[in-house]
Amino acid sequence: MAETWPEISIEIDQSVGGEQSAREIKKQLADHTWCTLLVALVQGLEQINRAFRFLSEQGKRFLERALTDNLTGLSKRLAQVVAGIVVDKVWAALFKLLEAHFPLIGEDTLRVLRMLALFTCPSVEHHPEVYKHAARPLMEDGLNVISQETKEQLAALFAAWWQRHNPEANL
């Protein structure tokens, strides 16, 4: 953002008649330009990801049907279960490959853009889009991570405690 501003400023000066007009435009841009652009990118990527998830589900269903039809000698239900297992594992590997080569479709890119929008916004309380598309999803991410970490720590602590206090362990 900082690297692009000098070029933007020069082009505004050249495109706008009068120094006062250029100064007013730049002042307006300083208010919520960057966070607005970042939130718009987040919204666009959210739409792309929704479309990608829909297409992904359609692709998985197509592969499951093809594999189910190819599994002869099994009941229809068992063939569907087996096909579902195989396709889920293969699809997960393909998705990791896609994320590696096209990082825009991953959650990491959205998370980074949300952080940037949040940190560049001069007043989130006056910018509902930043709150809705950046702050709130980041808070939900944080709660999910904390919850998972807490569960894992509690499970480890409880397992260690149980080993020390289990009456059957002393037999």
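Quick summary incoming for the structure in this document. (Residues numbered from 1 in each chain as written. Predicted model: local features only at pLDDT ≥ 70, side-chain atom pairs only at ≥ 80, totals over all residues. Heavy atoms only, no water.)

Quick word on the overall build of the protein chain
Applied cut-off: Segments assigned H or I by DSSP are reported as helices when at least four residues long, segments assigned E as strands when at least two residues long, and all are numbered from the N terminus. Just to be clear, the radius of gyration here is over C-alpha atoms, and the globule rule we use is 2.2 Å times residues to the power 0.38. Each residue is assigned to one of three classes by its accessible area relative to the maximum for its type, calculated with a 1.4 Å probe on protein chains only: buried under 20%, partly exposed between the two thresholds, exposed over 50%. Using a 1.4 Å probe, accessible areas were evaluated by the Shrake-Rupley method; residue-level cover was limited to the displayed protein chains. For the charge count, each Lys or Arg is scored as positive and each Asp or Glu as negative, with His and the chain ends excluded. In this description, the location of a charge corresponds to atom NZ of lysine, CZ of arginine, CG of aspartate or CD of glutamate.
The number of helices and strands found in the protein chain is five helices and zero strands. Rg of the C-alpha trace for the protein chain: 26 Å, well past the compact-globule value of 16 Å for 171 residues, more than 25% over. Once the C-alpha set of the protein chain is aligned to its principal axes, its extents read approximately 85 × 55 × 25 Å. Counting across all 171 residues of the protein chain, residues that qualify as buried make up 23%. Just so you have it, the protein chain exposes about 12,700 Å², and 62% of that area is on carbon and sulfur atoms. Counting 18 positive and 22 negative side-chain charges, the protein chain places the centres of these two groups 9 Å from one another.

Things to note about the packing of aromatic side chains
Note the threshold: Pairing of aromatic rings covers Phe, Tyr and Trp, the last through its six-membered ring, and needs centres within 6.5 Å; plane angles under 30 degrees mean stacked, over 60 mean edge-to-face, and all others mean tilted.
This structure, assessed with the given rule, holds one aromatic pair. Ring plane angle 40° and centroid distance 5.6 Å describe the contact between phenylalanine 52 and phenylalanine 95, whose orientation is recorded as tilted. Within this pair, whereas phenylalanine 52 is found in helix H2 (residues 19-70), its partner phenylalanine 95 is found in helix H3 (residues 76-101), the two being separated by 43 residues in sequence. What makes phenylalanine 52 partly exposed here is its relative accessible area of 24%.

What to know about the nonpolar core
In globular proteins that are soluble, nonpolar side chains generally tend to be buried together. The line we're drawing: Throughout this description, the term nonpolar core refers to a set of buried Ala, Val, Leu, Ile, Met, Phe, Trp, Tyr and Cys residues connected via side-chain atoms within 4.5 Å. Between two residues, a contact is recorded if the distance between any of their heavy atoms is within 4.5 Å.
In this structure, Cys35, Leu38, Val39, Val42, Leu45, Leu110, Leu113, Ala117, Cys121, Val130 and Ala134 together form the largest nonpolar core, which totals eleven residues. For this core, the secondary-structure elements that each account for two or more residues are H2, helix H4 (107-120) and helix H5 (128-165). Take this core: its biggest share by element is five residues, from H2. Excluding anything up to four places from it in sequence, cysteine 121 contacts His32, Cys35, His127 and Val130.

Describing the pattern of salt bridges
Cut-off, in case you're wondering: Every case where a carboxyl oxygen of Asp or Glu lies within 4 Å of a side-chain nitrogen of Lys or Arg is listed as a salt bridge.
Inspection of the entire model under this criterion finds six salt bridges. Between glutamate 19 and arginine 23 there is a salt bridge; the shortest N-O distance is 2.6 Å. Placement of the pair is glutamate 19 and arginine 23 together in helix H2, with a separation of four residues, close to one helical turn. Taking the relative accessible area as the measure of exposure, glutamate 19 reaches 60% and is therefore exposed. Aspartate 108 is the salt-bridge partner of arginine 111, the closest N and O atoms lying 3.0 Å from each other. Pair noted here: arginine 111 and aspartate 108 are both in helix H4, with a separation of three residues, about one helical turn. Judged by its relative accessible area of 26%, arginine 111 is partly exposed. Of the residues examined, aspartate 108 reaches a relative accessible area of 55% and is grouped as exposed.

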